[in-house]
Amino acid sequence: MIAKGSIVLVALAATLVRGGAFTDHPPSAADIVAAADNARNPSQPFRVSLALIEYRNGQPHDTTNLAVHSKLDPNTHQYRNIVRYVAPPRDLGKLVLLNASNMWFYDPASKASIRISAQQRLIGQASDGDVLTVNLAHDYAARLIGEESIQDADKQARSAWHLDLTASTSDATYSRLETWIEEGTYQPIKSKFYSDSGRLLKLAYYRRYETQLGWARPMEIIIVDAVDAHLVTKITYSDFRAEDVKDEWFQREYLPRFTEK
Amino acid sequence: MRIGIFLIAIAMMVAPRLAMAGQTADPIPAGVLDESRKTSPPTSSSTFHAKVFLEDALTTSAFEDGIAVPYPPALAVSWQDRASVDATLQWKPIKSLSFTVSDRANLYVQDQQAFISRDTIRNDFREGYVTWEPHTSVYLEAGRINVRNGAALGFNPTDFFKTRALVGQASLDPSVIRQNRLGTLMGRGQAIWSSGSASVAFAPKVMSPSPVIESDSLGVDLHVDATNAAGRVLGTLSVDVLNLSPQLLGYFERGRSKLGINVSRPIGNAVIVYAEWAGGQEKNLITRAIEFGQQTGTLPDTAPVLLPTSTSTTFRNDVAAGFSGTLATKATLNVEYHFHQSGLGGGDWGNWFDRGSAPGAPAALTSQLWYLRAYANDQQEPLTQHQGFVRVSWPRAFVNDLELTAFAFVDLRDGSVLSQVSANYYLSHRWTASVYVSSNLGAARSERGSFPQRLSSIVQLTLYL
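What counts, and at which threshold
Residues numbered from 1 in each chain as written. Chains lettered and ligands numbered in written order. Predicted model: local features only at pLDDT ≥ 70, side-chain atom pairs only at ≥ 80, totals over all residues. Heavy atoms only, no water. Helix = DSSP H or I, 4+ residues; strand = E, 2+ residues; numbered from the N terminus. Buried < 20%, exposed > 50% of the residue type's maximum accessible area, 1.4 Å probe, protein only. Contact = heavy atoms within 4.5 Å. Areas by Shrake-Rupley, 256 points an atom, 1.4 Å probe, with all protein chains shown as cover. Axes fitted to C-alpha atoms, helices over the stretch in contact; angles between N-to-C directions. Parallel < 35°, antiparallel > 145°, perpendicular 65-115°, else oblique. Left-handed = near helix turned anticlockwise from the far one by under 90°. Nonpolar A, V, L, I, M, F, W, Y, C, P; charged D, E, K, R; others polar. Buried area = accessible area lost by both parts, 1.4 Å probe. Salt bridge = Lys/Arg side-chain N within 4 Å of Asp/Glu carboxyl O. Polar contact = N/O pair within 3.5 Å; in protein donor to acceptor, adjacent residues only side chain to side chain. Patch = residues over 30% accessible without salt bridge, like charges linked within 9 Å, V, L, I, M, F, W, Y side chains within 5 Å. pLDDT = per-residue confidence, 0-100. Expected span 1.5 Å × (residues − 1). Phe/Tyr/Trp six-rings, centres within 6.5 Å; stacked < 30°, edge-to-face > 60°. Lys NZ or Arg CZ within 6 Å of the ring centre and 35° of its normal.

**Student:** I keep staring at the overall build of chain A and nothing clicks. Help me out?
**Tutor:** Helix and strand counts for chain A stand at 5 helices and 13 strands. The burial tally for chain A puts 58% of its 261 residues in the buried class. In chain A, of all internal contacts separated by at least 6 residues, the share reaching a separation of at least 24 is 45%. Of the roughly 9,900 Å² that chain A leaves accessible, carbon and sulfur atoms contribute 54%.

**Student:** How should I be thinking about the overall build of chain B in this particular structure?
**Tutor:** Looking only at helices and strands, one finds 6 helices and 18 strands in chain B. In chain B, buried positions account for 48% of the 465 residues. Within chain B, counting contacts between residues at least 6 apart in sequence, those at least 24 apart form 59% of the total.

**Student:** Before we go on, may I ask you to explain the packing of helix H5 (residues 346-357) of chain B against helix H6 (residues 363-378) of chain B in this structure?
**Tutor:** Two numbers describe a pair of packed helices, the interaxial angle and the distance between the axes. Residue and element names in this part refer to chain B. One way to put it is that H5 packs onto H6 with a least axis distance of 9 Å and a crossing angle of 150°. Relative to H6, H5 is oriented roughly antiparallel. Of the two elements, H5 crosses H6, and the hand of that crossing is left-handed. For the pair H5 and H6, contact is made by Trp349, Trp352, Arg355 and Gly356 and by Leu365, Thr366, Leu369, Trp370, Leu372 and Arg373, respectively. Across the contact of H5 with H6, the residue classes break down as 6 nonpolar, 2 polar and 2 charged.

**Student:** I tried to follow the interface of chain B and chain A on my own but got confused; where do I start?
**Tutor:** Frequently, the measure chosen for interface size is the accessible area removed from exposure when the parts meet. Taken together, the contact pairs 82 residues of chain B with 76 residues of chain A. Summing the contributions of chain B and of chain A, the shared interface buries around 6,600 Å²; its carbon and sulfur component is 53%. Run the count over chain B and chain A and you get 3 salt bridges. Across the salt bridge formed by Arg396(B) and Glu54(A), the nearest N and O atoms sit 2.8 Å from each other. Along the contact surface separating chain B from chain A lie 26 residue pairs in polar contact (both at pLDDT 80 or more). Looking at the side of chain B that touches chain A element by element, the count peaks at 7 residues for helix H1 (residues 2-23) of chain B. By residue class, the composition of the side of chain B that touches chain A is 30 nonpolar, 34 polar and 18 charged.

**Student:** Would you take a moment to explain unusual backbone geometry for this structure?
**Tutor:** Trans is the common state for peptide bonds, and a negative phi is the common state for residues other than glycine. Residue Pro88(A) is reached from Ala87(A) by a cis peptide bond, and omega for that bond is 10°. As for its placement among the helices and strands, Pro88(A) is situated in the loop between strand E3 (79-87) and strand E4 (95-99). Positive phi, normally seen in glycine, also occurs at Ala100(A), with a value near 55°. For Ala100(A), the location among the structural elements is in the loop between E4 and strand E5 (102-107). A positive phi is found at Arg164(B), a non-glycine position, where the angle reads about 60°. Mapped onto the fold, Arg164(B) is located in the loop between strand E5 (138-145) and helix H2 (174-177).

**Student:** Help me out: how do you make sense of the environment of Leu144(A) in this one?
**Tutor:** Considering the arrangement of structural elements, one finds Leu144(A) in strand E7 (residues 140-151). Discounting chain neighbours no more than four positions away, the residues touching Leu144(A) are Ala29(A), Ile32(A), Trp161(A), His162(A) and Leu163(A).

**Student:** Explanation requested: the side chain of His338(B) in the structure shown.
**Tutor:** Residue and element names in this part refer to chain B. Note that His338 resides in strand E13 (residues 332-340). Polar contacts involving the side chain of His338 include one to the side chain of Glu336, which spans 2.8 Å. For His338, the contacting residues outside a window of four places in its chain are Gly154, Phe155, Val319, Ala320, Gln385, His386, Gln387, Phe389 and Phe409.

**Student:** Teacher, can you tell me more about a nonpolar patch on the surface here?
**Tutor:** Residue and element names in this part refer to chain B. A cluster of nonpolar side chains, contributed by Leu58, Trp79, Val435, Val437, Leu455 and Val459, occupies part of the molecular surface with about 480 Å² of accessible area. Broken down by secondary-structure element, the contributors of at least two residues to the nonpolar patch are strand E17 (431-441) and strand E18 (453-464). Within the secondary structure, Leu455 is located in strand E18. Of the residues examined, Leu455 reaches a relative accessible area of 45% and is grouped as partly exposed.

**Student:** Before we go on, may I ask you to explain the packing of helix H4 (residues 285-296) of chain B against H6(B) in this structure?
**Tutor:** Residues and elements named next belong to chain B. Interaxial distance between H4 and H6 falls to 10 Å at its minimum, and their mutual angle equals 100°. Our classification of the angle between H4 and H6 gives roughly perpendicular. Residues Leu285, Ile286, Arg288, Ala289, Phe292 and Gly293 of H4 form the contact with H6, whose participating residues are Tyr371, Leu372, Tyr375 and Ala376. Of the residues contributing to the contact of H4 with H6, the split by class is 8 nonpolar, 1 polar and 1 charged.

**Student:** I would appreciate a short explanation of the confidence of the model for chain A in the present structure.
**Tutor:** Regions with low pLDDT carry predicted coordinates that are not meant to be interpreted in detail. All names here are of chain A. Across chain A, pLDDT averages 82, with 84% of residues at or above 70. Across chain A, the secondary-structure element scoring lowest on mean pLDDT is helix H1 (residues 2-19), at 31, and the one scoring highest is strand E8 (residues 157-167), at 94. Long-range and interchain partners of residues 1-23, a stretch whose pLDDT sits below 50, account for 17 contacts in this model, where long-range means more than four residues apart.

**Student:** Just checking my understanding: could you explain H6(B) for this structure?
**Tutor:** Helical periodicity: at 3.6 residues per turn, an α-helix aligns residues three or four positions apart in one direction. Residues and elements named next belong to chain B. Here H6 contains 16 residues, and its C-alpha end-to-end distance of 22 Å stays within 8% of the 22 Å for a straight helix at 1.5 Å per residue. Turning to H6, its buried residues are Leu365, Thr366, Gln368, Leu369, Trp370, Tyr371, Leu372, Arg373, Tyr375, Ala376 and Asp378. The secondary structure elements touched by the buried residues of H6 are H4 and H5. Immediately downstream of H6, the backbone of Gln380 shows phi near 55°, a positive value.

**Student:** It is not clear to me how the pattern of salt bridges should be interpreted in this structure. Could you clarify?
**Tutor:** For side chains bearing opposite charge, pairing can occur when the charged atoms are close. All names here are of chain B. Under the counting rule described, the total for this entry stands at 38 salt bridges over all chains. Here Lys283 makes a salt bridge to Glu291, at a shortest N to O gap of 2.8 Å. Among the residues examined, Lys283 registers a relative accessible area of 24% and is labelled partly exposed. Through salt bridges with shared partners, a single network forms among Arg256, Lys258, Glu282, Arg288, Asp318 and Glu381.

**Student:** Can you help me understand the environment of Asp301(B) in this one?
**Tutor:** All names here are of chain B. Tracing the backbone through its elements, the reader meets Asp301 in the loop between H4 and strand E12 (314-326). Taking relative accessible area as the criterion, Asp301 reaches 61% and is therefore assigned exposed. In sequence terms Asp301 and Pro246 are 55 residues apart; their C-alpha atoms lie 44 Å from each other.

**Student:** Please explain the packing of aromatic side chains as it appears in this structure.
**Tutor:** A ring pair, where both rings are aromatic, is described by two values, the distance of the centres and the angle of the planes. Applying the stated criterion across every chain, the model contains 21 aromatic pairs over all chains. Considering the side-chain rings of Phe53(B) and Tyr464(B), the 5.2 Å spacing of their centres and the 45° angle between planes classify their relative orientation as tilted. Residue Phe53(B) is located in strand E1 (residues 48-63), and its partner Tyr464(B) is located in strand E18; the two are separated by 411 residues in the primary sequence. One exposure class covers both Phe53(B) and Tyr464(B), and it is buried. Measuring from centroid to centroid gives 4.7 Å for Phe160(B) and Tyr251(B), while their planes differ by 10°, and the two rings are stacked. Linking Phe160(B) in the loop between E5 and H2 with Tyr251(B) in strand E9 (residues 247-253), this pair joins segments that are 91 residues apart in sequence. The two residues Phe160(B) and Tyr251(B) agree in class, both being buried. An aromatic cluster is defined as three or more aromatic residues linked by ring pairs; in this entry it consists of Trp349(B), Trp352(B), Phe353(B), Trp370(B) and Phe451(B). The ring of Tyr426(B) carries Arg90(A) above its face, with NZ or CZ at 3.7 Å from the centroid.

**Student:** What am I meant to see in H4(B) here?
**Tutor:** Residues and elements named next belong to chain B. The end-to-end C-alpha distance of H4, which contains 12 residues, comes to 16 Å, matching closely the 16 Å that a straight helix rising 1.5 Å per residue would cover. Of all 12 residues making up H4, 9 are buried, and the element is well covered by its neighbours. Among the residues making up H4, those that are buried are Leu285, Ile286, Thr287, Arg288, Ala289, Ile290, Phe292, Gly293 and Thr296. Next to the buried residues of H4 lie strand E11 (271-282), E13, H5 and H6. For H4, the N-terminal capping position is held by Asn284, with its side-chain oxygen 3.3 Å away from the main-chain nitrogen of Ile286. Downstream of H4 by a residue or two, Gly297 has a phi angle that is positive, lying close to 85°.

Put into structure tokens, the structure is as follows:
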């Protein structure tokens, strides 16, 4: 009798340990998301270089290099970004200003600033650069689905909180997200991004964590296009550094004057 | 019984693994995680920036005989090849000072022109100016500067420095035309703050105006007599309010001073609406063209009135309003309405065709009638009063490296159309191949249908260095 009970208890304990229920009260969904935001986005103004390699059927096809200059707006809690094209040569110097609903595309060849919509922002590889500074804690209402073990991009098993995020502001880029955050480290492992209609648009895997600007941050994100199964984009970060990003930069009038500092 | 419990225990330990395996059909293809492939961004000096490219464009055109108003034969060029070197350079030796130069040197070979002629080499010195930032986000600059304003695509009433600034073009697409545009000699000051900006620009008169169609003996003319033939002042105020991004403009030029405003606003996630208005006291297009022609010697002082028209100066309005929307295919659609009050109305067009098609109409008269249209083009203003504009841009169309664009200007009075379809194919990071095909469609006595150039095509190759 005691032997039977022991086996059941051991089996039950194995499940409970795997589920992580032996931890203290788990943090709230909002706390988890806020901590994960810290991993992706420095709290101080910063710039980072991005190399976006587009893979078609597993083969590298195209590369775009961007420089992103970012600053959190303390009033709206939204990240304001200037995305500058560094390569390929035909796009050199083009700029995209992302400031909530005030978004502009600037072409130095014509010196024209064209206002763009949120949907236009999602066209092209530069849109993947915007995945970086999505402010999940502010733009989404989070719900903890549970604790799971999932494989990361390197097929390593990771214990993670599985959260469902629903857009709670009109500025949210995506209608809904699912995200898996590693327990304990609060490092994002994987995310899914959905359209307004509920269609899965992208999967993102976060890897190669390094300490940058005081926090362990993913230096590589793999974005799988759920619409085009043959398309995968790898975003590699480099030259992460704090920068004196001024509020005046986020005006369309400033775009013709913007140069790399 | 013991075996059953044992199996349950095993199942409870294995179940999470099974669940995990079910979640993770690997969507990442092999090779994507290859650590050996690393891409570093191109390194560049923070004090010097350059963008240089080489370009060749071959244009062929089919002209139609028997049009309503005979076209000057010398202007009917059936083919042209343009080879260009285009460079934009910026040097910032210290934080508060920068020098900018933008230039294109062209070699032209074309029908009806000797291989070596004064039109073989033409240089377009677009910009050359110095900028000083005496205080954070306060700028003072002087030189030839391309100042561009406006929210619309096909017509910009508030883009006051657009007049006489166009030079050789590969495409008729308004978005492309403005890539090779001359700046204006001016002194300019601008202040930018977190919620807006203000600027004032003064462009002096430097020379008397050049005629509308002119070739230069050396081919390196700065065309200052086109861009600085009148003293002009422009003040702008941009503010961030109600998500409209309004820009207010005040423009002074003797005989053509105007006020203007342009606004834009997103509607939902996929649509941008925008509008521009400019208004002021001026003469109509026909009167201005005649007076300019007489001033520059294109038209004799004693020329009879080309077309009966009012020569009075009255308040006239220009409007461009429209929207852009993102389609499911990730293409962008722009639709606009243009109103140009001083343009040709129905009666004016009737007179234009009646005069030009009259039996025995002298060549001098028909040339002058076509000069009227050349003047409007030189001023970058619509010829007609009511015009529609539609444009579709489709990046990554069918294949990843192909971008398709199509647009049409529609004369809303007579339904005639100027249209163009273009394809840009990115052969590599540095090479781009482009094809443009444009056509003028409409009845014989319509704005576009009266144009002799029925069909033209351009094949262009660009190498970015």
